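# Understanding the architecture of this molecule
One letter stands for each residue in the lines below.
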Amino acid sequence: MSDIDKKYAFGMIGLGTMGRNLLLNMGDHGFAGAGFDKDASKGELLEQEDKNKNLKGFSAVEPFIASLSIPRSIMMLVPAGKPVDDVIAELLPYLDKGDILIDGGNSHFTDTNRRVEDLEGKGFHFFGMGVSGGSDGARRGPSIMPGGDKDAYNVMKPILEAIAAKAEDGAPCVTYIGPGAAGHFVKMVHNGIEYGMMQIIAESYEIMKKGLQMDNAAIQKVFAKWNEGRSQCFLLDITKDILLFKAPGTDHLLVDDIKDEARAKGTGKWTSQVAMDLQAPIPTVDTAVSMRDLSKYKKLREEAATLYSKELPVLNVADTEAFLADLESAFYFTMVISYAQGMHLLTNASTEYKYDLKLGEIAKIWRAGCIIRSKFLYDIYNAYNTNSGLAHLLLDTGVQKLVTDVTPGIRSVVSKTVAAGIAAPAYAASLSYFDAFRSARMPSNLIQAQRDFFGAHTYELIGKEGVFHTDWTGTND
């Protein structure tokens, strides 16, 4: 059969690194796939890298669509927002009812809701699918979070299970997440947790570099050691490698040449925004987003440094090794809190948006392939597998023991960094969240009294039904 007559089981729109690697992954597993990109050189590169000769590149839409088996299954891996709508509009004239469209990018879940409703009304199947693992994950096996049209997912299930990462028990890291935009929502929260974990690694680096005046080699050894124990995670794994990397022809680490201005694509901000809408507090993620924003004000920070930073911040530590043990405990504590906040947000979203999320299954597919994969995810899976109705991860007895064991460490680190003037905002926010969460009585009664005083917003009373208002300026006889 000639290439002209050959029919492909799957189509990919966008042959950048992610799209090409996902398609190559499919080809490795015996699936015939077609890729489309207006840049013909990307299609040529796809075919050059396809050792199994299962893939074909196209630079024109019509022959690309004609090459696909019916019903057609097409994934888009293009930038979120208007580009997704533009691609859909370009494809629709060539598609038939019953064809499947998949958005594999980081689209905002509200855009996915709109597209689900619009395309289903026109007779097409559509689902939004979170893909985590970066370009290497796409090539070797990502964690995949599909949601939306379940019939469409079932058509794609054999391909997705084949290309997904496999956990230690061999389970593929993909599952049907839920209706509507559930897949993209879960991927968004995944990225929010990722923000939190990246921030606490950066804060640990700062504490060791400034507070303990450790050099890069010593810091690298600490991260490598952590990654061999309970704190093991992908982000620590890459950090230990970053702290060894020297650019060709140089005698120092590349990381020391990189500007301290962090960028973002928006998923962390989206997570914070929707968490406030759903009244699910996630201060660790919020802080991580804020610190990325603050990092961009480089000139202002440099000016402030000349006004306020008269002395270098140095930790008052008698035993460095003991403090580093506390710092690892603080890291583990805050990692647990980051996950707990993210899972609580998913719990609220499941109810509000009727996603019927299976949090145990979500933890299960995050165990390999994705950016937030870690040893602790097995504990999360066990917690929700034991009690699928668990209201908050911190209420699981197994997690409770883990947190209790490391709480002294986080308290030591936060107190010492505050005293030294070293910024560790995610650590501090996580500890404050925990202390407030474990408080049977918060000082919010005073806030309610204040609201009623200045705005007659009313309040409720302990042990008494009803809503009450007081004239606070009146005299008490």
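Residues numbered from 1 in each chain as written. Predicted model: local features only at pLDDT ≥ 70, side-chain atom pairs only at ≥ 80, totals over all residues. Heavy atoms only, no water.

### A short note on the pairing of strand S5 (residues 100-103)
Burial of the side chains of S5 extends over both faces: Ile 100 and Ile 102 are buried on one face and Leu 101 and Asp 103 on the other. The pairing of strand S4 (residues 73-76) with S5 spans four bridges and is classified as parallel. Following the sheet pairing, Ile 74 is matched in S5 by Leu 101. Running through helix H4 (residues 82-91), the crossover from S4 to the neighbouring parallel element S5 is right-handed. Here four bridges tie S5 to strand S6 (residues 125-132), and the two strands are oriented parallel to one another. Its bridge partner lying in S6, Leu 101 is registered against Phe 126. Note that the unit made of S5, helix H5 (residues 109-121) and S6 has a crossover that is right-handed. (Buried < 20%, exposed > 50% of the residue type's maximum accessible area, 1.4 Å probe, protein only. Helix = DSSP H or I, 4+ residues; strand = E, 2+ residues; numbered from the N terminus. Pairing = 2+ DSSP bridges. Right-handed = clockwise from strand over helix to strand, strands pointing away.)

### A word on the packing of helix H9 (residues 216-226) against helix H10 (residues 234-242)
For the pair H9 and H10, the least separation of the axes is 9 Å and the interaxial angle reads 155°. The angle between H9 and H10 falls in the class roughly antiparallel. The chirality of how H9 crosses H10 is left-handed. Only Leu 236, Thr 239 and Lys 240 of H10 make contact with H9, whose side of the interface consists of Gln 220, Phe 223, Ala 224 and Trp 226. (Axes fitted to C-alpha atoms, helices over the stretch in contact; angles between N-to-C directions. Parallel < 35°, antiparallel > 145°, perpendicular 65-115°, else oblique. Left-handed = near helix turned anticlockwise from the far one by under 90°. Contact = heavy atoms within 4.5 Å.)

### Digging into the packing of helix H8 (residues 182-211) against helix H14 (residues 320-352)
Between two packed helices, the angle of one axis relative to the other and the distance separating the axes together describe the packing. Interhelical geometry of H8 versus H14 gives an angle of 165° and a closest axis separation of 10 Å. Our classification of the angle between H8 and H14 gives roughly antiparallel. Of the two elements, H8 crosses H14, and the hand of that crossing is right-handed. Where H8 approaches H14, its residues Phe 185, Val 186, Val 189, Ile 193, Gly 196, Met 197, Ile 200, Ile 201, Ser 204, Ile 207 and Met 208 are matched on the opposing element by Phe 323, Leu 324, Leu 327, Phe 331, Thr 334, Met 335, Ser 338, Tyr 339, Gly 342, Leu 345, Leu 346 and Ala 349. A per-class count over the contact of H8 with H14 returns 18 nonpolar, five polar and no charged. (Nonpolar A, V, L, I, M, F, W, Y, C, P; charged D, E, K, R; others polar.)

### With respect to helix H1 (residues 17-28)
With 12 residues, H1 extends 16 Å from end C-alpha to end C-alpha; this agrees with the ideal 16 Å at 1.5 Å per step. Across the 12 residues of H1, nine count as buried, placing the element largely inside the fold. The set of residues buried in H1 consists of Gly 19, Arg 20, Asn 21, Leu 22, Leu 23, Leu 24, Asn 25, Met 26 and Gly 27. At the exit of H1 stands Gly 30, carrying a positive phi of roughly 90°. (Expected span 1.5 Å × (residues − 1).)

### Topic: the confidence of the model for the protein chain
Mean pLDDT over the protein chain works out to 92, with 98% of the residues at or above the 70 mark. Across the protein chain, element-level confidence peaks in helix H18 (residues 425-437) with a mean pLDDT of 98 and bottoms out in helix H6 (residues 134-140) with 87. (pLDDT = per-residue confidence, 0-100.)

### Structural notes on the environment of Gly 134
You can see Gly 134 is positioned in helix H6. Placed 136 residues apart in sequence, Gly 134 and Trp 270 show a C-alpha to C-alpha distance of 20 Å. Beyond its immediate stretch of four places on either side in the chain, Gly 134 contacts Met 18 and Ile 371.

### What to know about the nonpolar core
Counting residues in hydrophobic clusters, the biggest one holds 91 residues, and the most contacted among them are Phe 185, Tyr 339, Leu 346, Trp 366, Leu 393 and Tyr 427. Top contributing element to this core by residue count: H14, with 16 residues. With sequence-adjacent residues up to four places away left out, Tyr 427 is seen in contact with Ile 200, Glu 203, Ser 204, Ile 207, Leu 327, Ala 330, Phe 331, Thr 334, Ile 410 and Val 414. Counting 28 residues, the second-largest nonpolar core is a separate cluster that includes Leu 22, Leu 23, Ala 152 and Tyr 153. (Core = buried A, V, L, I, M, F, W, Y, C linked by side-chain atoms within 4.5 Å.)

### Quick word on the environment of Glu 49
Topologically, Glu 49 is positioned in helix H2 (residues 40-49). Not counting the four nearest positions on each side in its chain, Glu 49 is found in contact with Arg 20 and Leu 24.

### A short note on the sheet that holds strand S3 (residues 55-58)
A sheet is described by the order of its strands in space; here seven strands give the open sequence S3-S2-S1-S4-S5-S6-S7, paired in mixed fashion. Lying at the two open borders of the sheet, with one neighbouring strand each, are S3 and strand S7 (143-148). Strand-to-strand twist of the sheet, defined as the mean angle between neighbouring strand axes without regard to direction, takes the value 25°. For strand S1 (residues 10-13) and strand S2 (residues 33-36), the ladder comprises four bridges, and the chain directions are parallel. Its bridge partner lying in S2, Met 12 is registered against Gly 35. Along the sheet, H4 contacts S1, S4, S5 and S6; its crossing angle with S4, the most-contacted strand, is approximately 155°.

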